Amino acid sequence: MATYKIGVLYGDGIGPEITKATVDVLTAASKLAGTTKFEFVELPMGWDGIEKYNDPMPQSTKDALKETHGWIMGPHDSASYPKELKEKRNPSGELRTYFDLYANVRPAKTMEGIRSVVGDADLVIYRENTEGYYCDRNMYVGVGEWKVTPDIVISAGVFTRKAIERIAHAAFKAALQRRKKVTIVHKANVIQLGSGLFLDVCREVGQQYPDVEVDDYHIDAMAAHLVRRANDFDVIVTENMFGDILSDLTGELVGSLGLAPSINSSDNQAMAQAAHGSAPDIAGKNIANPTGIILSAVMFLEWLASQHNDPKVSEIARNIENGLFLAISEGVKTKDLGGTASTTEFTEGIIERLKR
Ligand SMILES: NC(=O)c1ccc[n+]([C@@H]2O[C@H](COP(=O)([O-])OP(=O)(O)OC[C@H]3O[C@@H](n4cnc5c(N)ncnc54)[C@H](O)[C@@H]3O)[C@@H](O)[C@H]2O)c1
Ligand SMILES: CC(C)[C@H](C(=O)O)[C@@H](O)C(=O)O
């Protein structure tokens, strides 16, 4: 029986509720498959890390993650951390940089049984995950944010050909498997050097994929285009901060931010992580929607299946996705989707439907 070691980082706010839901679903699905075992390794992160090690992303957690086949990361409430710890990189940024998880892949697709604000949509955002305005002073010496005087701060963005090329290749390769269209999102009209380089390099990479249609939009116009005609877009490639913002928008457009999944990956490592945050306003109430993180785990399992050439893992992923879609289409919905199911009822609803 194949066994995969999966790290589990529960995180803050709704993190423990939705991450436990995910572990429960994966456990049930692997039991049903009978051929694959997931061994979960729970590791401290967020407030748990602060309490144990005075660090929201302890070195011991990073070391342990190196020994896993990949991991599931719950959201963290980094905005609530003590000031001196906030000056460190937030837990997501730390793992994305430490493991060089350069591609943050964030799909948004309409689902049966869920009201989409924009009609049909089936798109995926390829967000560059390691630089742009989210670099910090630990990354490139002398670059990041710094206070010039008490009243003047400089926040710099870093854009490198190397990082743009690899996210662009990832986006164009994905497009070949989809509707063969890539949209580059930038702000080259104002941020002429940084965003300009992003646009130029993506266009250059695009020339290596003659079967893929390419267009580009400024980030502000793109927000409007997405609301008006989301279904015209297939793969969107953009820099770190624009991808962060656009993916919350696209998640909500197709139903709820609580639905929005993502995978953060390098060429040999991956982390499942919902696009949303720790939702402190609804934490501890058993009402959060675990769909985003469960579908992130599904994306992670598909990645694991391809890395290990293991079709059984892919079958487990498909089974979980079908169980979840079935539960929603049969009306088992959390509050954000207009339903009454609690997080645990929704999770049980998925598990019951895995057998179908
Ligand atoms: N990847 C991450 O860990 C991540 C991502 C974004 C924000 N954050 C952090 O989360 C904290 C809160 O941030 P925020 O309030 O700006 O954004 P948020 O995404 O946590 O919440 C925004 C809104 O969406 C709702 N929401 C989010 N996820 C939901 C779910 N699964 N089910 C139902 N409703 C859901 C919340 O209740 C809230 O009303 C901050 O500390 C922020 O830094 C973490
Ligand atoms: C919490 C924050 C650091 C994070 C980001 O901006 O990358 C989040 O918004 C996300 O999208 O995962």
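Source: prediction; values computed, not measured. Residue numbers restart at each chain and count upward from 1, following the sequence in its written direction. Labels follow written order: the first chain is A, the first ligand is 1, and so on. Per-residue local features of the predicted model are confined to residues with pLDDT of at least 70, and side-chain atom pairs are confined, for both listing and counting, to 80 or more; whole-chain, interface and lining totals are unaffected and use all residues. Side-chain calculation: all heavy atoms of the structure are included, whereas hydrogens and water are not.

### Side note on the domain arrangement of the chain
Now for step 1: Under the domain assignment, the chain is made up of domain 1 (1-114 + 256-356) and domain 2 (116-254).
Now for step 2: The split into domains, and so the bounds of each, comes from an automatic or database assignment of domains. Placing a centre on the C-alpha atoms of domain 1 and another on those of domain 2 gives a separation of 24 Å.
Now for step 3: Facing 21 residues of domain 1, the contacting portion of domain 2 comprises 26 residues.
Now for step 4: Contact between domain 1 and domain 2 buries roughly 2200 Å² in total, counting both sides, with carbon and sulfur atoms accounting for 48%.
Now for step 5: The term buried area refers to how much accessible surface (probe radius 1.4 Å) is lost by two components on association, counted for both of them together. When the buried area of domain 1 at its contact with domain 2 is split by residue, Tyr-102, Arg-106 and Ala-108 rank highest and sum to 30% of it.
Now for step 6: Salt bridges are identified by distance alone: a Lys or Arg side-chain nitrogen within 4 Å of an Asp or Glu carboxyl oxygen. For the pair domain 1 and domain 2, the number of links is two salt bridges.
Now for step 7: One salt bridge in this structure joins Asp-100 and Arg-166, with 2.8 Å as the shortest N-O distance.
Now for step 8: Throughout, the ten residues Ala, Val, Leu, Ile, Met, Phe, Trp, Tyr, Cys and Pro are labelled nonpolar, Asp, Glu, Lys and Arg are labelled charged, and all others, Gly among them, are labelled polar. Tallied by class, the residues present in the side of domain 1 that touches domain 2 amount to eleven nonpolar, four polar and six charged. Any two residues whose heavy atoms approach within 4.5 Å are treated as being in contact.

### Details of the side chain of Thr-183
Now for step 1: Every helix listed is a DSSP run of H or I at least four residues long, and every strand listed is a run of E at least two residues long, numbered separately from the N terminus. Examined against the element boundaries, Thr-183 turns out to sit in strand E8 (residues 181-186).
Now for step 2: Not counting residues within four places of it along the chain, the set of residues in contact with Thr-183 comprises Asp-215, Tyr-217, Met-222, Phe-233, Val-235, Ile-236 and Val-237.

### Concerning the nonpolar core
Now for step 1: Among buried residues, those of type Ala, Val, Leu, Ile, Met, Phe, Trp, Tyr and Cys that are joined through side-chain atoms within 4.5 Å constitute a nonpolar core. Only protein chains enter the area calculation, which uses a 1.4 Å probe; residues under 20% of their type maximum are buried, those over 50% are exposed, and those in between are partly exposed. Among the nonpolar cores identified, the biggest contains 68 residues, and Tyr-126, Val-237, Phe-300, Leu-301 and Ile-320 are the most heavily contacted of them.
Now for step 2: If one sorts the elements of this core by residue count, helix H10 (residues 291-307) sits on top with eleven residues.
Now for step 3: Mapping this core onto the domain boundaries places at least three of its residues in each of domain 1 (1-114 + 256-356) and domain 2 (116-254).
Now for step 4: Aside from chain neighbours lying at most four places away, what touches Tyr-126 is Asn-104, Val-105, Ile-167, Ala-170, Ala-171, Ala-174, Val-235, Ile-236, Val-237 and Thr-238.
Now for step 5: With 16 residues, the next largest nonpolar core counts Val-118, Ile-125, Ala-230 and Phe-242 among its residues.

### Observations concerning a nonpolar patch on the surface
Now for step 1: Taken together, Trp-146, Val-148, Ile-152 and Ile-154 make up a surface patch of nonpolar side chains, about 350 Å² in accessible area.
Now for step 2: Counting residues per element, the ones that place at least two in the nonpolar patch are strand E6 (145-149) and strand E7 (152-155).
Now for step 3: Its place among the elements puts Trp-146 in strand E6.
Now for step 4: Among the residues examined, Trp-146 registers a relative accessible area of 39% and is labelled partly exposed. Residues enter patches when they are more than 30% accessible in relative terms and free of salt bridges; like-charged ones are connected within 9 Å and nonpolar ones (Val, Leu, Ile, Met, Phe, Trp, Tyr) within 5 Å. To be clear on the numbers: accessible area is Shrake-Rupley with a 1.4 Å probe, and residue cover counts the displayed protein chains and nothing else.

### Overview of the site of ligand 2
Now for step 1: What makes a residue near a molecule or strand is one non-hydrogen atom of that residue sitting within 4 Å of it. Every residue near ligand 2 is listed here: His-76, Asn-90, Arg-96, Arg-106, Arg-127, Tyr-134, Asp-244 and Ala-275.
Now for step 2: Nitrogen and oxygen atoms within 3.5 Å of one another constitute a polar contact, given that in protein one can donate a hydrogen and the other can accept it, and given that sequence-neighbouring residues count only through two side-chain atoms. Arg-96 places a side-chain nitrogen or oxygen 2.6 Å from an oxygen atom of ligand 2.
Now for step 3: Take Arg-127: an N or O atom from its side chain is 2.7 Å from an oxygen atom of ligand 2.
Now for step 4: Out of a free accessible area of 320 Å², ligand 2 has 74% covered by protein chains.
Now for step 5: Tallied by class, residues from the shell around ligand 2 come to two nonpolar, two polar and four charged.
Now for step 6: Two domains share the shell around ligand 2, each providing at least three of its residues, namely domain 1 (1-114 + 256-356) and domain 2 (116-254).

### Remarks on the site of ligand 1
Now for step 1: The full set close to ligand 1 counts 21 residues, and Asp-77, Gly-277, Ala-279, Asp-281 and Asn-289 are the nearest of them.
Now for step 2: Contact between ligand 1 and His-76: an oxygen atom at 3.0 Å from a main-chain N or O atom of the residue.
Now for step 3: Within the contact set of ligand 1, an oxygen atom lies 2.7 Å away from a backbone nitrogen or oxygen of Gly-277.
Now for step 4: Taking 820 Å² as the accessible area of ligand 1 by itself, protein coverage stands at 70%.

### Overview of the sheet that holds strand E12 (residues 270-272)
Now for step 1: Here ten strands make up an open sheet; going across it, the order is E2-E1-E3-E12-E11-E4-E5-E10-E8-E9 and the pairing mixed. Two strands bound the open sheet, and with one partner strand each, they are strand E2 (36-42) and strand E9 (213-218). Ignoring which end each strand starts from, the neighbouring axes of this sheet average 25° apart.
Now for step 2: Note on pairing: two strands pair once DSSP finds at least 2 bridges between them. In this sheet, strand E10 (residues 235-238) lies alongside strand E5 (residues 122-128) in parallel orientation, the contact comprising four bridges. Looking across to E10, one finds that Ile-125 is bridged to Ile-236.
Now for step 3: Here an angle of 0 to 180 degrees is reported between the N-to-C directions of two axes, which are lines fitted to C-alpha atoms, with helices fitted over the stretch in contact. Against the sheet, helix H8 (residues 219-229) makes contact with E5, E8, E9 and E10, and its axis sits at roughly 115° relative to E9, the strand it touches most.

### Details of the side chain of Ser-116
Now for step 1: Within the element layout of this structure, Ser-116 appears in the loop between strand E4 (103-109) and E5.
Now for step 2: At 3.1 Å, the side chain of Ser-116 and the backbone nitrogen of Val-118 are in polar contact.
Now for step 3: Within the structure, the side chain of Ser-116 is placed 2.7 Å from the backbone oxygen of Gly-119, a separation counted as a polar contact.
Now for step 4: If near-sequence neighbours (up to four positions away) are discounted, Ser-116 is found in contact with Thr-110, Leu-253 and Val-254.

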